[in-house]
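Read off the chains here:
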Amino acid sequence: MTDPEKPGLRAPLQAIRGTHDILPAEARRWQAAEAVCKSHFELYGYREIRTPVFEPTELFVKGTGETSDIVTKEMYTFTDKSGRSLTLRPEYTPSIARAILEHRLDLRPEPLRFYYIGPMFRYDKPQKGRYRQFHQADVEVFGEADPAVDAELIEMAGSLLEKLGVEDVEILVNSVGCPDCRPAYSHALREKAEASRDEYCADCRRRIELNPLRLFDCKVERCGELSRGLPLVSDFLCPACAENFAEVRRRLDACGLRYRVEPRLVRGIDYYTRTTFEIVNSSAGRQNAILGGGRYDNLMKTYGGPDIPATGFAMGMERLLEAARLEIKPENFVFIAYLGEEAKNRAAWLARIFRSGGVECLLEFKDRGLKAQLSRAARLGASFAAIVGQDEVRNGRLVVKDLSTGSQFDEPVAWLEKEGEAEAALRRLFSKSSRPDFWPPAKEAKP
RNA sequence: GUGAGUGUAGCUCAACUGGUUAGAGCAUCGGACUGUGGAUCCGAAGGUUGGGGGUUCGAGACCCCUCACUCACCCCA
């Protein structure tokens, strides 16, 4: 029976397409993954940088590239009240370049090694592993042209995924050459493909003119066969690029990393030069690239900045979380149960003592029976229940129940009087439990 | 942007070919047990069947539109 007066429980609004709420249980996993990423990046001398989520539209048009898919059809662009065109960042690299120029970070002594974890926005059609608001961990090195940096980056990416428990990964590396050697290659590709034009699928026929490098990506069987007969970038690299790529591989070999040279690996953003790489999860669905990156030595110049080489990668957090095996700390807290109005006040004060001692505790003000409270404590995964009832208030004692063993112990406590003594009493009390180390060690007194 | 599939309670799913008041398990809350926990039993609450329109005496089911999700294309993280 529906009461027409009663508003429906269904939410009148919902998260917009391609965006998601990350609920607490899932947020725990994000926190764990982010913590691993951050500490890993810091180990290599990277430091966090944070830039705005929206930027002037021109930043991406210039940097990401006027002809790229991202800029031509995937940007969240809007006009603000001043009439200026702004864009929610679809990727992070242009923002970093902008920040470096704006603050002339290149003139400072600190290394230009940055990382960031945050949301990006692309107006794509959502599917598994692809969302309109998604998150990337992004890493950038500016000012270091040495191929050893590329190798170090790739090694860092590989060891990060290992730390995160991602299995079935494959590291693919390639070199797409520089503006000197790429045109010759594109030309050769086009010429060769044109010869057997009729055998290609409709998409590929279009690719021949538009972006011949993408011919390698086609999933149509016949196209795949044909693409095996196409010339490879490696045969067209200029001597400098060839030597550069060889050096990257030597460095990778030197650190014992397992990788595969994939001459057909091309990347979709216009600014890439020389090294490109990708780490794919071979057991995932179609959107299986967890991480991708490469070198972009000319990006700074396109912004009219100094000639600063750069390299980096971006990792899709959603795709990572899908594949990562993360260790989540189990719940570890005290549930405070109280009985009666007087005990309610005492319980609140007791909670303060726990918390000031660094012990997490939960106190729900619902005036329920002890049974209901204990039942709830157990279901929520509390380690201990502290019971504050009329008796305890009267006797100046506190009862603590170890919920894993069921054993119960109590102690005369000073919490009715002095806070300092209360903490000592509580420590004493927990030292009798099955987990004498439960209460965190006292902080060193400040000198 | 293109194509295909799916939407029933918070979750997982029922409801024979269109037929009366849309059911169950789990979860939630309460009680049995008025101060001792994940068990058991009993009970309650929870739905405009994603939304709107149409066909029909009658729609959760059929048709159209729309929204969302899923998978693939495209592209990318």
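Owing to the predicted nature of the structure, the values given are computational and were not obtained by experimental measurement. (Residues numbered from 1 in each chain as written. Chains lettered and ligands numbered in written order. Predicted model: local features only at pLDDT ≥ 70, side-chain atom pairs only at ≥ 80, totals over all residues. Heavy atoms only, no water.)

Colleague: Can you help me understand unusual backbone geometry in this one?
Modeller: Peptide bonds are, in most cases, trans, and in most cases residues other than glycine have a negative phi. Located in the positive-phi region is Arg-104, a residue other than glycine, with phi close to 45 degrees. Its location among the elements puts Arg-104 in the loop between helix H4 (93-103) and strand E5 (113-121). Of the residues examined, Arg-104 reaches a relative accessible area of 36% and is grouped as partly exposed. Its identity as a non-glycine residue notwithstanding, Asp-367 has a phi of 50 degrees, on the positive side. Along the chain, the position of Asp-367 falls in the loop between strand E13 (361-362) and helix H13 (370-380). For Asp-367, a relative accessible area of 52% gives the class exposed. (Helix = DSSP H or I, 4+ residues; strand = E, 2+ residues; numbered from the N terminus. Buried < 20%, exposed > 50% of the residue type's maximum accessible area, 1.4 Å probe, protein only.)

Colleague: Which parts of the structure should I look at to understand the domain arrangement of chain A?
Modeller: Interface size is commonly expressed as the accessible surface area that is lost when the partners come together. In terms of domains, chain A is made up of domain 1 (24-181 + 237-323) and domain 2 (334-431). On a C-alpha basis, the centres of domain 1 and domain 2 stand 50 Å from each other. (Domains from an automatic or database assignment.)

Colleague: I'm lost on the sheet that holds strand E2 (residues 54-56) in this one. Help?
Modeller: Hydrogen bonds along the backbone pair up the strands of a sheet, which may run parallel or antiparallel. Strands sit in the order E2-E4-E3 across an open sheet of 3 strands; the sheet is antiparallel. The two strands at the open ends of the sheet, each matched to only one other strand, are E2 and strand E3 (76-79). On average, each strand axis in the sheet is inclined to that of its neighbour by 35 degrees, with strand direction left out of account. Judged from the 4 bridges that link them, E3 and strand E4 (residues 85-88) form a sheet pairing that is antiparallel. When the sheet's bridge partners are listed, Thr-79 is paired in E4 with Ser-85. (Pairing = 2+ DSSP bridges. Axes fitted to C-alpha atoms, helices over the stretch in contact; angles between N-to-C directions.)

Colleague: Any chance you could explain the sheet that holds strand E1 (residues 47-48) here in plain terms?
Modeller: Here we have 8 strands laid out as an open sheet, ordered E1-E5-E6-E11-E10-E9-E7-E8, and mixed in their pairing. In this open sheet, the two edge strands, each paired with only one partner strand, are E1 and strand E8 (260-261). As defined by bridge partners, E1 adjoins E5 across 2 bridges and the pair is classed as parallel. Within E5, the residue paired with Glu-48 across the bridge is Tyr-115. The strands touched by helix H1 (residues 24-43) within the sheet are E1, E5, strand E6 (133-142) and strand E11 (310-316), with E5 carrying the most contacts at an inclination of about 150 degrees. Docked against the sheet, helix H5 (residues 147-163) engages E5, E6, strand E7 (169-175), strand E9 (273-281), strand E10 (289-295) and E11, running at close to 15 degrees with respect to E11. (Contact = heavy atoms within 4.5 Å.)

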